[in-house]
Amino acid sequence: MAERPQLMPVRRPPGPSPEQVRRRRIAALGAILAALIAVAVAITVAVPHVHRKHTLPPPPPPPKPFRVIFPEGFTRAQMIPRVQAVAKIARRKRGKPVVLNGRQYALATRRAVLPCFTPRRQTNLEGFLFPATYDFLGATSGRQLATEQLHAFCVNWRSVNLSYAKKKNLTPYDVLIVASMVEKETLAPDERPLVAAVIYNRLHAHMPLSIDATLRYGLHIPPTKSILQSQLDSSNPYNSRKVPGLPPTPIANPGLASIQAAAHPAQVKYLYFVRKPDRVHHFFTASDTAFARYECAHGYGC
């Protein structure tokens with residue numbers, strides 16, 4: 001029987017040394033770390049791009065408003081052309097139509113209901129269109145502007161204490177009428193309570209008020225024109241030289257200072273006042289003789 005050849009043992013290559021295993025592990029960890037950093041960088045770059053892609057642009061700035069200025073003492077008849085003129089300027093500057101115009105403002109200022117006043121329903125808004133500076137946009141209507149003025153009136157009117165007027169049996173409307181006369185007759189602020197006192201004192205003494213501003217209002221006499229004798233003799237209800245008591249309505253739209261003066265007149269006995277030569281201040285007196293003497297001395301007639 002033949003002998004089987006003797007099998008030789010298979011030789012396997014020797015395994016990596018511990019040092020090689022350590023180096024391979026470090027290299028693998030380095031590769032993984034590099035891959036993670038690459039992913040993080042890619043995300044960081046991509047996110048702002050996506051954010052920029054979906055972020056809306058900032059809204060345009062709001063349109064710049066226009067302004068209309070109503071000085072204290074302006075009448076409704078003066079406010080209407082002022083609105084018309086300012087609206088025309090706004091159209092020219094804006095380069096496109098604006099809603100505001102004098103005609104719609106005139107319609108909006110005929111009558112209104114005022115929650116702050118008694119009586120609430122007013123069919124003549126003279127005196128209630130508060131004089132101030134108002135902003136308006138291209139879409140602002142005449143009714144919106146009138147509503148702003150009436151709101152401003154109510155805000156200011158609510159700050160007025162009417163207790164003195166009530167003691168004198170004057171209504172809120174009477175106070176507003178007095179305030180409008182104070183506004184038209186006074187240029188020096190500190191004289192407002194004095195002019196109001198003269199009006200109250202003359203009413204109490206049953207004397208005609210003799211305030212030319214009321215007649216100018218009633219007969220539409222411009223301040224630059226002299227009052228004629230025929231106008232002084234007229235029976236117009238605003239002729240306070242002939243018709244006793246207060247005029248039927250306010251003769252202007254007074255500011256808060258004149259309203260406060262009408263509600264709190266100075267405690268003086270003056271019955272007369274006349275404009276001084278500086279055309280700003282007045283001479284006040286309780287004596288008709290002193291009043292006549294002053295007028296004569298300054299060329300107002302003897």
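Above: the structure in question.
Quick caveat, the model's predicted, so the values are computed rather than measured.

### Quick word on the overall build of the chain
From N to C terminus, the chain includes eleven helices and six strands. Split into buried and exposed, the 302 residues of the chain put 38% on the buried side. Residue pairs at least 24 apart in sequence account for 62% of intrachain contacts in the chain once pairs closer than 6 positions are excluded. Counting every atom, the chain has about 19100 Å² of accessible surface; 60% of that belongs to carbon and sulfur.

### Digging into the state of the cysteines
Throughout the structure, instances matching the rule amount to one disulfide. Bridging Cys116 to Cys154, the disulfide has an S-S length of 2.2 Å. Taking the sign of the S-S torsion, -70° for the link of Cys116 and Cys154, the bridge is left-handed. Of this pair, Cys116 sits in the loop between strand 2 (112–113) and strand 3 (121–122) while Cys154 sits in helix 4 (residues 142–157), and the two are 38 residues apart along the sequence.

### Considerations on the packing of helix 6 (residues 172–185) against helix 7 (residues 192–204)
Contact pair helix 6 / helix 7: the axes reach a minimum separation of 9 Å and the direction vectors enclose 125°. Viewed along their axes, helix 6 and helix 7 adopt a mutual orientation that is oblique. In the packing of helix 6 onto helix 7, the handedness of the crossing is right-handed. Two secondary-structure elements touch here, helix 6 through Val175, Val178, Met181, Val182, Glu183 and Glu185 and helix 7 through Arg192, Val195, Ala196, Ile199 and Tyr200. Looking at the contact of helix 6 with helix 7 residue by residue, the classes come out as eight nonpolar, no polar and three charged.

### Here we look at the environment of Lys242
In this structure, Lys242 sits in the loop between helix 9 (229–232) and helix 10 (256–263). Along the backbone, Lys242 and Met207 are 35 residues apart, and their C-alpha atoms lie at a distance of 9.8 Å. In contact with Lys242, not counting residues within four places along its chain, are Leu232, Asp233, Ser234 and Ser235. Separated by 2.9 Å, the side chain of Lys242 and the backbone oxygen of Asp233 make a polar contact.

### Description of the packing of helix 6 against helix 10
Put simply, helix 6 and helix 10 touch, their axes get as near as 8 Å, and they point 120° apart. Relative to helix 10, the element helix 6 is oriented oblique. The handedness of the crossing between helix 6 and helix 10 is right-handed. Two secondary-structure elements touch here, helix 6 through Val175, Leu176, Val178, Ala179, Val182 and Glu183 and helix 10 through Ser258, Ile259, Ala261, Ala262 and Ala263. Of the residues in the contact of helix 6 with helix 10, the class split is nine nonpolar, one polar and one charged.

### Describing the nonpolar core
Ranked by internal contacts, the top residues of the largest apolar core, which has 61 residues, are Leu114, Phe128 and Phe153. Elements supplying a minimum of two residues to this core: strand 1 (66–69), helix 2 (76–94), helix 3 (102–108), strand 4 (133–136), helix 4, helix 6, helix 7 and helix 10. Ranked by residue count, the leading element in this core is helix 6, at eight residues. Apart from residues lying up to four places away in sequence, Phe153 is in contact with Leu114, Cys116, Phe117, Gly127, Phe128, Phe130, Leu176 and Ile259. In this structure, Leu271, Val274, Phe291 and Tyr294 belong to the second largest nonpolar core, which totals six residues.

### What about the pattern of salt bridges?
Across all of its chains, the model carries three salt bridges by this definition. A salt bridge links Arg192 to Glu72; the nearest nitrogen and oxygen atoms lie 3.9 Å apart. Of this pair, Arg192 sits in helix 7 while Glu72 sits in the loop between strand 1 and helix 2, and the two are 120 residues apart along the sequence. Note on Arg192: relative accessible area 12%, which makes it buried.

### Topic: the pairing of strand 1
Look at any regular strand and the pattern is simple: side chains alternate between the two faces of the sheet. On strand 1, burial follows the alternation: Phe66 and Val68 on one face are buried, whereas Arg67 and Ile69 on the facing-out side are not. Bridge count for strand 1 against strand 4 is four bridges, and the pairing is antiparallel. Among the inter-strand pairings, Ile69 is bridged to a residue of strand 4, identified as Thr133.

### A few points about the layout of surface pockets
Empty space left among the atoms is revealed by rolling a probe the size of a water molecule over them. Each pocket or cavity is described by its volume, and for the largest pocket that value is around 1500 Å³. Lining the largest pocket are 41 residues, with Glu185, Asp212, Ala213, Arg216 and Ile227 positioned closest to its centre. For the lining of the largest pocket, the secondary structure elements donating two or more residues are helix 2, helix 6, helix 7, helix 8 (212–219), strand 5 (272–275) and helix 11 (288–297). Tallying contributions element by element places helix 8 first for the lining of the largest pocket, with five residues. Looking at the lining of the largest pocket, its residues break down into 21 nonpolar, eight polar and twelve charged. Its volume calculated, the second largest pocket comes out at about 260 Å³.

Cut-offs and rules
Residues numbered from 1 in each chain as written. Predicted model: local features only at pLDDT ≥ 70, side-chain atom pairs only at ≥ 80, totals over all residues. Heavy atoms only, no water. Helix = DSSP H or I, 4+ residues; strand = E, 2+ residues; numbered from the N terminus. Buried < 20%, exposed > 50% of the residue type's maximum accessible area, 1.4 Å probe, protein only. Contact = heavy atoms within 4.5 Å. Areas by Shrake-Rupley, 256 points an atom, 1.4 Å probe, with all protein chains shown as cover. Disulfide = S-S within 2.5 Å. Axes fitted to C-alpha atoms, helices over the stretch in contact; angles between N-to-C directions. Parallel < 35°, antiparallel > 145°, perpendicular 65-115°, else oblique. Left-handed = near helix turned anticlockwise from the far one by under 90°. Nonpolar A, V, L, I, M, F, W, Y, C, P; charged D, E, K, R; others polar. Polar contact = N/O pair within 3.5 Å; in protein donor to acceptor, adjacent residues only side chain to side chain. Core = buried A, V, L, I, M, F, W, Y, C linked by side-chain atoms within 4.5 Å. Salt bridge = Lys/Arg side-chain N within 4 Å of Asp/Glu carboxyl O. Pairing = 2+ DSSP bridges. 1 Å grid on protein atoms, 1.4 Å probe; cavity = no way out; pocket = protein on both sides within 12 Å on 5 of 7 lines; lining within 4 Å. Points joined across faces, edges and corners; volume = space filled by probe spheres on them.

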